[in-house]
Amino acid sequence: MLTDMSTGRPGTPDTASAAPARRTHDDAPDTLALFARMAELEEGPEREELRDELVTAWLPMAHRIAGRFRDRGESVEDLRQVAALGLVKAVDRFDPERGAFESYAVPTITGEVKRHFRDRMWALRVPRRVQELRNRVRVARRELTQNPGTPEPSPAAIAEHTGLTEEEVAAGMEALESFSTLSLDAELSSGEDGYSLADTLGATDTSYDVVVDREAAKEGLRRLPERERAILYMRYFEDMTQSRIADQLGISQMHVSRLISRSCARVRDEALGQRPGGRTAP
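Residues numbered from 1 in each chain as written. Predicted model: local features only at pLDDT ≥ 70, side-chain atom pairs only at ≥ 80, totals over all residues. Heavy atoms only, no water.

Enquirer: Hey, could you run me through the overall build of the chain in this one?
Expert: What the chain contains, in helices and strands, is 11 helices and 0 strands. Looking at the chain as a whole, 27% of its 282 residues are labelled buried. Counting only contacts in the chain whose residues sit at least 6 apart along the sequence, the fraction spanning at least 24 positions is 49%. Here the chain displays about 20,100 Å² of accessible surface, and carbon together with sulfur accounts for 50% of that area. (Helix = DSSP H or I, 4+ residues; strand = E, 2+ residues; numbered from the N terminus. Buried < 20%, exposed > 50% of the residue type's maximum accessible area, 1.4 Å probe, protein only. Contact = heavy atoms within 4.5 Å. Areas by Shrake-Rupley, 256 points an atom, 1.4 Å probe, with all protein chains shown as cover.)

Enquirer: Looking at this model, I keep getting lost on the packing of helix H8 (residues 207–222) against helix H11 (residues 253–271). Mind explaining?
Expert: The angle between the axes and the distance between the axes are what describe a pair of packed helices. At a minimum axis distance of 8 Å, the contact between H8 and H11 shows a crossing angle of 125°. Taken together, the axes of H8 and H11 are oblique relative to one another. Judged by the sense of rotation from one axis to the other, the crossing of H8 with H11 is right-handed. For the pair H8 and H11, contact is made by Ala-216, Ala-217, Gly-220 and Leu-221 and by Val-267, Glu-270 and Ala-271, respectively. The class makeup of the residues in the contact of H8 with H11 is 5 nonpolar, 1 polar and 1 charged. (Axes fitted to C-alpha atoms, helices over the stretch in contact; angles between N-to-C directions. Parallel < 35°, antiparallel > 145°, perpendicular 65-115°, else oblique. Left-handed = near helix turned anticlockwise from the far one by under 90°. Nonpolar A, V, L, I, M, F, W, Y, C, P; charged D, E, K, R; others polar.)

Enquirer: Explain the layout of surface pockets here, please?
Expert: Gaps between atoms show up when a probe of the same size as a water molecule is rolled over them. The space that makes up the largest pocket amounts to roughly 540 Å³. Lining the largest pocket are 16 residues, and of these Arg-214, Ala-217, Leu-221, Phe-237 and Val-267 sit closest to its centre. At the level of secondary structure, the elements contributing two or more residues to the lining of the largest pocket comprise H8, helix H9 (226–236) and H11. Residue contributions to the lining of the largest pocket peak at 7 residues, all from H8. (1 Å grid on protein atoms, 1.4 Å probe; cavity = no way out; pocket = protein on both sides within 12 Å on 5 of 7 lines; lining within 4 Å. Points joined across faces, edges and corners; volume = space filled by probe spheres on them.)

Enquirer: Looking at this structure, how should I read H8?
Expert: In an α-helix there are 3.6 residues to a turn, and that puts residues three or four apart on one side. An ideal rise of 1.5 Å per residue puts 22 Å on 16 residues; H8 measures up with 23 Å between its terminal C-alpha atoms. At Ala-216, H8 is bent by approximately 25°, the largest bend along its length. (Expected span 1.5 Å × (residues − 1). Bend = angle between axes of the 7 residues up to and from the residue.)

Enquirer: I would appreciate a short explanation of the side chain of Thr-162 in the present structure.
Expert: Residue position: Thr-162 is located in helix H6 (residues 155–162). Judged by relative accessible area, which is 16%, Thr-162 ranks as buried. Among the polar contacts listed, one links the side chain of Thr-162 to the backbone nitrogen of Leu-164, at a separation of 3.3 Å. Excluding residues within four positions of it along the chain, Thr-162 makes contact with Arg-136, Ala-140 and Val-169. (Polar contact = N/O pair within 3.5 Å; in protein donor to acceptor, adjacent residues only side chain to side chain.)

Enquirer: How do you make sense of H9 when you look at a structure like this?
Expert: Buried within H9 are the following residues: Glu-228, Ile-231, Leu-232 and Met-234. Angularly, the buried residues of H9 cover 165° about the axis, an arc narrow enough to put them on a single face. Its buried side turned inward, H9 meets H8, helix H10 (242–249) and H11. (Arc of directions from axis to C-beta.)

Enquirer: Looking at this model, I keep getting lost on the nonpolar core. Mind explaining?
Expert: As a rule of thumb, soluble globular proteins bury nonpolar side chains together. In this structure, Phe-35, Trp-58, Leu-87, Val-91, Phe-101, Ile-109 and Val-113 are the most contacted members of the largest nonpolar core, which totals 24 residues. Sorting the residues of this core by element identifies helix H1 (32–40), helix H2 (45–67), helix H3 (76–93) and helix H4 (101–121) as the ones contributing at least two each. Leu-87 has contacts with Val-55, Trp-58, Leu-59, Ala-62, Phe-101 and Ile-109, leaving out every residue within four places of it along the chain. If you look at the next biggest cluster of nonpolar residues, it comprises 13 residues, including Met-234, Met-240, Ile-260 and Val-267. (Core = buried A, V, L, I, M, F, W, Y, C linked by side-chain atoms within 4.5 Å.)

Enquirer: Teacher, can you tell me more about the environment of Pro-153 here?
Expert: By the element assignment, Pro-153 lies in the loop between helix H5 (128–144) and H6. Sequence separation of Pro-153 and Arg-142 is 11 residues, and the distance between their C-alpha atoms is 9.5 Å. When sequence neighbours within four positions are dropped, the list of residues in contact with Pro-153 reads Arg-141, Leu-144, Thr-145 and Ile-158.

Enquirer: Would you take a moment to explain the pattern of salt bridges for this structure?
Expert: Between side chains of opposite charge, pairing is possible as soon as their charged atoms come close. On inspection of all chains with the given rule, the structure shows 16 salt bridges. Arg-141 is the partner of Glu-152 in a salt bridge, and the nearest nitrogen-oxygen pair spans 2.7 Å. In this pair, Glu-152 is assigned in the loop between H5 and H6 and Arg-141 in helix H5, connecting sequence segments 11 residues apart. Between Arg-223 and Glu-219 there is a salt bridge, with the nearest N and O atoms lying 3.7 Å from each other. For Glu-219, a relative accessible area of 39% translates into the label partly exposed. (Salt bridge = Lys/Arg side-chain N within 4 Å of Asp/Glu carboxyl O.)

Here it is, written out as structure tokens:
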């Protein structure tokens, strides 16, 4: 007759048959021994091979984390690559004496994916504060509309839910609609009279430059002698030739030419903030 020689007390599970401790997720393998071994190795082929084995073992977890960020304008494949990069960094930096690898790797990988969105996905670079406002507003809108049939929350409701001001909520909501840019060639109207975004943009009005130039030259013109002002008026406003001006004033055409050149140079220097002779005006 076989006799049970087990020394285990009643009600105490046998160590050999005890079920292994459940981990947080099915994609969290037991690799503590591998990490401890890698920590003892120097840089070399053996350590690189062990590192690759650890990365492969934990890759499903990295893919799961990447899946949390789907439907945000980036392909799942690209997100998985970013998450894998975060996993490699976590494997390289992990100290097995500090606890479970999963507790260290999850925030490391998540942070890497968030940095990817912050640094690479915005079509235009915006301040980090605006990006954070956008994320808080997005999360608040999702939380406030969890129940079916719930109307879209107002900025005041979002502000009360998040503790932000309504101005900050407005900035976050504006950022929600500004994650990507629209091509200037994008069609805004369908049909025969269709037009693109570029067609709606204004152009620089050169008349403003004319106004600025006139105001800049006005004071210099006032300071010219009366005869030189008259010559410039006849030449540029009445469109008279230098010969006609010379005949009317009883001087040579060469003299008229010199007076025009000297007067224009004087007005130009004063408009640019210089005194005659090239000295800068105080």
